[in-house]
Amino acid sequence: MFVVMTTPVHTTCPYCGVGCGIVATPDGKGGAAIAADHDHPANRGRLCSKGAALGETLSLEDRLLHPEIDGRRVSWEVALDTVANGFRETIQRHGPDAVAFYVSGQLLTEDYYAANKLIKGFLGTANIDTNSRLCMASSVAGHKRAFGSDTVPGVYEDFELADLVVLVGSNLAWCHPVLFQRLEAAKHRRPSMKVVVVDPRRTETCDIADLHLALKPGSDVALFNLLLAGLADRGVVDRDFVERHTSGLDTALAAARATNGSVCGLPRSDIETFLDWFARTEKVVTLYSQGVNQSSAGVDKVNALINCHLLTGRIGRPGMGPFSITGQPNAMGGREVGALSNTLAAHMDFGPAEIDRVARFWRAPRLATKPGLKAVELFEAVRAGRIKAVWIMATNPVASLPDADAVREALRGCEYSIVSEAVRASDTVDACRIRLPALAWAEKDGTVTNSERGISRQRPFLPPPGEAKQDWWIVSEIARRLGHGDAFAWRGVADIFREHAALSGFENGGTRDFDIGACASIDDAAYDALRPFVWGSAADHRFFGDGRFFHADRRARFIATTPRPPVNAPVEARPLILNTGRVRDQWHTMTRTGKSVRLAGHRPEPTIELHPRDASARGLADGDIAEVKSAWGRGTLRVHVTDSLRVGEAFAPMHWTAQVSRAGRINAAVNPAVDPISGQPELKHTPVEIRRLDMRWHGTILARRPIMLPEIAYWARIRGAGFNAYAVAGDQPFEVARRTLSAAVRTTNPGPWLIGENGMGAVLSDGRVEAVMMLGPTHDVEARDRLAPYMTLDRLTMEQRHELLNGGTEAHRGGELCACFGISRGAVEAAIADGATSLAAVGATTHAGTNCGSCRPEIRALLRVARVAKVA
Ligand SMILES: Nc1nc2c(c(=O)[nH]1)N[C@H]1C(S)=C(S)[C@@H](COP(=O)(O)OP(=O)(O)OC[C@H]3O[C@@H](n4cnc5c(=O)[nH]c(N)nc54)[C@H](O)[C@@H]3O)O[C@H]1N2
Ligand SMILES: Nc1nc2c(c(=O)[nH]1)N[C@H]1C(S)=C(S)[C@@H](COP(=O)(O)OP(=O)(O)OC[C@H]3O[C@@H](n4cnc5c(=O)[nH]c(N)nc54)[C@H](O)[C@@H]3O)O[C@H]1N2
Ligand code: SF4
Ligand SMILES: [Mo]
């Protein structure tokens with residue numbers, strides 16, 4: 001039984017792979033105060049804007065709290081029986097490969113272990129894949145080719161100890177902000193440290209870069225081949241290491257020497273500088289992320305950069321090594337339990353000895369003996385009817401897989417489409433027949449593993465709501481109904497953790513990197529009190545410092561990589577390359593960050609970014625509405641023109657879904673091509689055309705209760721304090737729009753309708769604004785910020801009412817910059833105009849940037865703009 005408590009609980013952030021420690025103090029009313037854990041080794045007191053805003057995501061208003069079948073509430077008994085019968089019958093009639101699980105790096109290790117054990121050990125198929133297929137499958141495959149195991153050799157401290165940090169396809173400032181802060185602080189202490197960013201876009205991460213290589217998208221293999229050849233030519237080779245601990249250098253070097261470097265599209269002098277710095281610096285860390293992994297050449301990109309570390313012997317020692325940074329909070333836990341369809345369990349694959357070992361350990365009668373389908377092909381098989389029952393846990397594939405309309409179609413046509421979810425409505429929940437309510441972060445119990453192999457506890461600090469259950473429990477209940485109760489008879493998460501630990505150590509003897517066998521015997525109290533620890537047998541927790549790798553001969557492999565262009569190249573009808581990724585204050589499909597008011601302001605709409613030359617060639621200007629169209633589908637987004645992109649490229653965030661926008665779900669258009677080895681999709685490279693949609697009006701609506709909008713070309717919704725904010729645009733005549741929209745607003749927000757100047761209208765009830773709408777011929781970026789303050793007032797004075805109907809106050813200009821204190825860009829610009837010339841000075845006058853620090857790169861950019869303007 002859960003007791004309501006108000007004592008602080010030490011837990012872990014549920015967002016990115018940095019894995020920051022958090023102290024949550026429940027308020028006894030369903031909420032909690034969130035603070036950074038000063039003792040956690042990942043963050044030591046730091047948090048980013050998303051972590052700091054976690055307290056705003058805890059409400060139960062949008063939670064799925066009861067099982068449902070076909071939209072009707074059912075009991076757990078009925079739901080579980082239906083799922084179990086569905087699996088049993090499907091397997092009887094069509095064999096085990098007709099069923100599948102699609103799981104997530106956001107499950108806790110114990111949940112993950114349970115799901116993997118059930119399907120691979122007892123249903124007899126390896127048709128389980130995880131959203132990590134979209135995330136780090138290329139790194140897993142690259143590691144295995146080079147090292148013989150999926151091992152991340154280094155630890156976070158290496159970034160601070162390095163003299164050169166190369167960030168490849170990583171927007172660390174926005175995606176791993178606390179590590180970025182650690183790097184930034186290290187560079188500040190030791191200014192001789194250099195940072196190189198390799199990314200076709202000029203991101204906020206470039207703020208601390210000494211060199212930005214804006215290479216042509218997809219050309220990383222060529223760049224690292226140039227580096228390998230250049231290092232060899234200069235004799236920067238650790239001959240002893242290469243001879244004793246590696247093989248394959250000659251063929252790799254021949255391939256590198258045959259590479260035509262011009263495909264990178266970089267100035268020769270920049271490549272020379274990069275080569276020079278890399279050659280001269282012993283302590284180099286190459287940190288990489290989705291610009292490397294999410295590519296049809298992802299695995300080769302990984303190996304091309306690892307080759308350079310092997311050549312120089314810079315691996316596994318302080319301040320050196322390749323470092324694959326993971327995205328999700330438990331991406332690494334998923335690798336440990338082996339939930340990718342091509343891995344078995346505990347860092348073991350489908351080799352005969354390993355199959356035998358795991359079958360004995362699990363006492364599994366029908367252990368899967370071959371790899372299952374990978375995410376993209378798995379959903380193709382659902383669509384083709386070869387898979388007839390699919391169970392999705394903790395991921396939103398209708399929004400996050402490429403060619404996402406096909407995924408939705410697949411689920412709609414599937415008889416047993418099952419989803420375990422925390423929220424009541426998502427693009428995936430809407431497409432699934434059977435919905436199982438899952439506990440969420442604040443209520444869950446278990447462990448996660450961060451990017452540096454650090455295992456931390458997530459501990460519950462709020463009571464379980466409604467009938468929601470933790471994922472491992474749901475899995476075990478299905479197992480029991482299918483007759484496998486004995487193998488799933490866990491009393492709690494500690495039991496699962498011990499079993500998982502025992503499997504990692506089972507017949508290991510140093511042959512497998514992952515071994516936490518020592519944890520197999522900890523008691524419940526020790527599990528509860530578990531302190532964060534990094535696994536790895538060496539005293540410093542690094543791997544390969546001794547030159548011993550996990551291939552049978554204990555040698556690492558150089559891999560010959562030959563550059564090849566992305567699978568789907570731009571064509572005349574679709575000449576632009578669509579790149580996709582993340583923004584600072586949203587997490588994936590926005591089911592959690594979307595609830596936070598303070599995270600809403602930073603990027604309030606689904607945008608398509610374009611270079612000024614490409615925009616003007618298409619008659620597009622900032623604020624226009626455009627259609628992005630590919631061979632697979634389309635989206636409708638707000639245009640943002642910026643020279644931070646290369647000519648010929650466009651960028652859209654992945655976060656927007658059908659829940660919060662009309663057609664901002666960009667993955668409807670994204671390319672489903674995959675890497676031939678890892679099966680990871682090419683999410684950063686889709687040929688598209690972009691065209692202007694002629695809008696006759698644009699508008700902003702703030703309303704206390706949600707609105708059923710009429711059919712219009714564009715809308716996007718974000719959270720305000722006690723209201724929803726809609727950005728709208730359309731091509732109907734202005735008067736028609738005004739009539740239908742005001743009717744829609746008033747249907748859910750009743751009260752007298754006041755008409756103001758220039759397309760303004762408002763519902764005022766008892767002197768309080770229930771809703772306000774502003775329509776005009778052009779996009780008014782600041783309307784939301786001007787109108788929002790009136791929504792917080794209980795009663796408007798006559799003067800305020802007059803102001804509102806005239807279009808609102810000018811106090812908030814330019815959107816939100818600092819999410820912690822709600823400071824606008826306008827306020828920061830004003831402080832700079834008033835004489836603030838440094839971060840510290842801006843902080844002293846406005847508070848902006850003085851808490852989590854996530855906005856500091858943007859403040860620095862404004863300071864730079866002001867300095868340039870002064871000089872000019
Ligand atoms: N704010 C926020 N943070 C997050 C997340 C989130 O949703 N929101 N998600 C988490 C997850 S799961 C993940 S996986 C990580 C992802 O973290 P990152 O990988 O850092 O983020 P992305 O924005 O996906 O992509 C990184 C960069 O790759 C670049 N890129 C595109 N094509 C190429 C190329 O061909 N070569 C190179 N070198 N670069 C290229 C893009 O321009 C982009 O800036 O973030 C984690 N952190
Ligand atoms: N175009 C494009 N697409 C991308 C990417 C990209 O860069 N570009 N990046 C890809 C990457 S790297 C990733 S990791 C994916 C992420 O994509 P997804 O995994 O689809 O995104 P999330 O929104 O994190 O989905 C997690 C879901 O689990 C639910 N949930 C939260 N906690 C729990 C729980 O404890 N139990 C259960 N059962 N459910 C829970 C949440 O409400 C949410 O709906 O997107 C991929 N898609
Ligand atoms: S960097 Fe931010 S999102 Fe990532 S774990 Fe830390 S607080 Fe959470
Ligand atoms: Mo990810």
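Nothing here was measured: the structure is a model prediction, and the numbers come from that model. One numbering rule holds for all chains: residues counted from 1, following each sequence as written. As they are written, the chains are lettered A onward and the ligands numbered 1 onward, keeping that order. Side-chain atom pairs in this predicted model are given and counted only at pLDDT of 80 or more, local residue features only at pLDDT of at least 70, and totals for whole chains, interfaces and linings cover all residues. Heavy atoms throughout the structure, all of them, feed into the side-chain values; hydrogens and water do not.

Another point: unusual backbone geometry. Even without being glycine, Asp403 reaches a positive phi, approximately 45°. The residue Asp403 is located in the loop between α17 (397–400) and α18 (404–412) in this model. Phi at His847 is positive, roughly 80°, even though this residue is not glycine. As for its position among the elements, His847 is in the loop between α29 (839–846) and α30 (856–871). Throughout this description, buried means an accessible area under 20% of the type-specific maximum (1.4 Å probe, protein chains only), exposed means over 50%, and partly exposed covers the range between. Its relative accessible area of 45% is what places His847 among the partly exposed residues. Per the convention used, a helix needs a DSSP run of H or I reaching at least four residues, while a strand needs a run of E reaching at least two, with both numbered from the N terminus.

With that out of the way, let us pick up the domain arrangement of the chain. Start and end positions for the domains come from either an automated domain assignment or a database one. When the domains of the chain are assigned, the result is domain 1 (9–57), domain 2 (68–134 + 330–529), domain 3 (137–325), domain 4 (576–692), domain 5 (697–805) and domain 6 (816–871). Of note, the centres of domain 2 and domain 3, computed from C-alpha atoms alone, are 34 Å apart. The quantity reported as buried area is the accessible area (1.4 Å probe) lost by two parts once they are put together, taken as the sum for both. When domain 2 packs against domain 3, close to 1,200 Å² is buried across both sides, 44% of that on carbon and sulfur atoms. Sorting the residues of domain 2 by area buried against domain 3 places Arg335, Ser451 and Glu452 first, and these three jointly supply 43% of that buried surface. The closest approach of N and O atoms between Asp150 and Arg335, which form a salt bridge, is 2.7 Å. Residues adjacent in sequence count toward polar contacts only when both atoms are side-chain atoms; beyond that, a polar contact is any pair of N or O atoms within 3.5 Å, and within protein one must be able to donate a hydrogen and the other to accept it. Where domain 2 packs against domain 3, one counts 10 residue pairs in polar contact (both at pLDDT 80 or more). By definition here, a salt bridge exists when the distance from a side-chain nitrogen of Lys or Arg to a carboxyl oxygen of Asp or Glu is within 4 Å.

Looking now at the site of ligand 2. Near ligand 2 lie 29 residues; those nearest to it are Gln106, Ser400, Glu421, Thr589 and Asn667. Leu439 places a main-chain nitrogen or oxygen 3.1 Å from an oxygen atom of ligand 2. In this structure, a nitrogen atom belonging to ligand 2 sits 2.5 Å away from a side-chain N or O atom of Asn667. Protein burial of ligand 2: of its 920 Å² of free accessible surface, 98% is covered by the chains. In this classification, the charged set is Asp, Glu, Lys and Arg, the nonpolar set is Ala, Val, Leu, Ile, Met, Phe, Trp, Tyr, Cys and Pro, and all remaining amino acids, among them Gly, are polar. Here the residues of the shell around ligand 2 sort into 10 nonpolar, 14 polar and five charged. Residues are labelled near a given molecule or strand when at least one of their non-hydrogen atoms is within 4 Å of it. For every accessible area listed, the method is Shrake-Rupley and the probe measures 1.4 Å; residues are considered covered only by the protein chains on display.

On to the pattern of salt bridges, then. Two side chains bearing opposite charge may form a pair once their charged atoms approach each other closely. Under the definition given, this model contains 66 salt bridges. Here Asp233 ties to Arg257 by a salt bridge, and the two come within 2.7 Å at their closest N and O atoms. Taken together, the positions of Asp233 in helix α8 (residues 220–233) and Arg257 in helix α10 (residues 249–257) put the pair 24 residues apart, joining distant regions of the chain. Classification of Asp233 as exposed rests on a relative accessible area of 57%. The partly exposed category is assigned to Arg257, whose relative accessible area is 47%. Between Asp356 and Arg360 there is a salt bridge, with its nearest N and O atoms 3.2 Å apart.

Attention shifts here to the nonpolar core. Here the nonpolar core consists of buried residues drawn from Ala, Val, Leu, Ile, Met, Phe, Trp, Tyr and Cys, with membership extended through side-chain atoms lying within 4.5 Å. Of all hydrophobic cores here, the largest spans 119 residues; its most connected members are Phe87, Phe101, Phe274 and Trp391. If you tally residues by element for this core, the top one is α8, at 10 residues. Residue contributions to this core reach at least three from each of two domains, namely domain 2 (68–134 + 330–529) and domain 3 (137–325). Setting aside its immediate chain neighbours within four residues, Phe101 contacts Phe87, Ala115, Leu118, Ile119, Leu123, Asn127, Ile128, Asp129, Leu378, Trp391 and Met393. Among the nonpolar cores identified, the runner-up in size contains 47 residues, and Tyr15, Cys16, Ile22 and Met332 belong to it. We call two residues in contact whenever any of their non-hydrogen atoms come within 4.5 Å of each other.

Strand-to-strand pairing in sheets goes through backbone hydrogen bonds, with the strands running parallel or antiparallel. Should DSSP find at least two bridges between two strands, the strands are taken to pair. Strand order in the closed barrel formed by six strands is β21-β25-β22-β24-β23-β26, and the pairing between neighbours is mixed. Within the sheet, the average angular offset between the axes of one strand and its neighbour, ignoring direction, is 45°. Taken together, the five bridges between strand β21 (residues 576–581) and strand β25 (residues 649–653) define a ladder with parallel strand orientation. Within β25, the position partnered with Ile577 by the bridge is Glu649. Under this scheme, a helix contributes an axis fitted over its contacting stretch, all axes are lines through C-alpha atoms, and angles between N-to-C directions fall in the 0 to 180 degree range.

Moving on to the environment of Phe323. Summarising the element assignment, Phe323 is placed in strand β13 (residues 321–324). Placed 170 residues apart in sequence, Phe323 and Pro153 show a C-alpha to C-alpha distance of 7.1 Å. With residues up to four places along the chain from it excluded, the contact list for Phe323 reads Val152, Gly154, Val155, Tyr156, Phe159, Val285, Thr286, Leu287, Tyr288, Ser451 and Glu452.

Bringing the sheet that holds strand β31 (residues 760–765) into the picture now. Here six strands make up an open sheet; going across it, the order is β28-β29-β27-β32-β31-β30 and the pairing antiparallel. Lying at the two open borders of the sheet, with one neighbouring strand each, are β28 (714–720) and β30 (753–755). If you compare each strand with its neighbour and ignore which way they point, the axes differ by 15° on average. In the sheet, strand β27 (residues 697–703) pairs with strand β32 (residues 768–776) via six bridges, with the strands oriented antiparallel. Bridge pairing in β32 places Ile701 opposite Met773. Sitting on the sheet, helix α25 (residues 734–748) is in contact with β27, β29 (723–730), β30, β31 and β32, with an inclination near 160° to β32. Here helix α27 (residues 798–805) sits on the sheet and contacts β30, β31 and β32; the angle it forms with β31, its principal contact strand, is near 145°.

Our next topic: the packing of aromatic side chains. Any pair of Phe, Tyr and Trp rings, taking the six-membered ring for Trp, is counted once the centres come within 6.5 Å. Such a pair is stacked with planes under 30 degrees apart, edge-to-face with planes over 60 apart, and tilted for the rest. Within this structure, the stated rule accounts for 27 aromatic pairs. Summarising the aromatic geometry, the rings of Tyr113 and Trp362 are spaced 6.2 Å apart at their centres and angled 80° between planes, so their arrangement reads as edge-to-face. With Tyr113 in helix α3 (residues 109–123) and Trp362 in helix α15 (residues 352–362), this pair connects stretches of sequence that are 249 residues apart. The same class applies to Tyr113 and to Trp362, which are both buried. When the ring of Trp535 is compared with that of Phe543, the centres are 5.9 Å apart and the planes differ by 75°; the resulting orientation is edge-to-face. Overall, the relative accessible area of 7% leaves Phe543 in the buried class.

Turning our eyes to something else, we now look at the packing of α8 against α10. At a minimum axis separation of 8 Å, α8 and α10 run at an interaxial angle of 110°. The orientation of α8 with respect to α10, classified from their angle, is roughly perpendicular. For α8 against α10, the interelement crossing comes out left-handed. Residues Asn225, Leu228, Ala229, Ala232 and Asp233 of α8 touch α10, and the partners they reach there are Ala252, Leu253, Ala255, Ala256 and Arg257. In this scheme, roughly parallel covers angles under 35 degrees and roughly antiparallel covers those over 145, while 65 to 115 is roughly perpendicular and the rest are oblique. Crossing handedness follows the turn of the near helix against the far one: under a right angle anticlockwise gives a left-handed crossing, and clockwise gives a right-handed one.

Here the focus is the pairing of β25. Most of β25 sits inside the fold, with five of its five residues counted as buried. Of the two faces of β25, both are covered, the one formed by Glu649, Phe651 and Pro653 as well as the one formed by Ala650 and Ala652. Sheet analysis places strand β22 (residues 607–610) next to β25, joined by two bridges and oriented antiparallel. Residue pairing across strands places Leu610 opposite Ala650, the latter belonging to β25.

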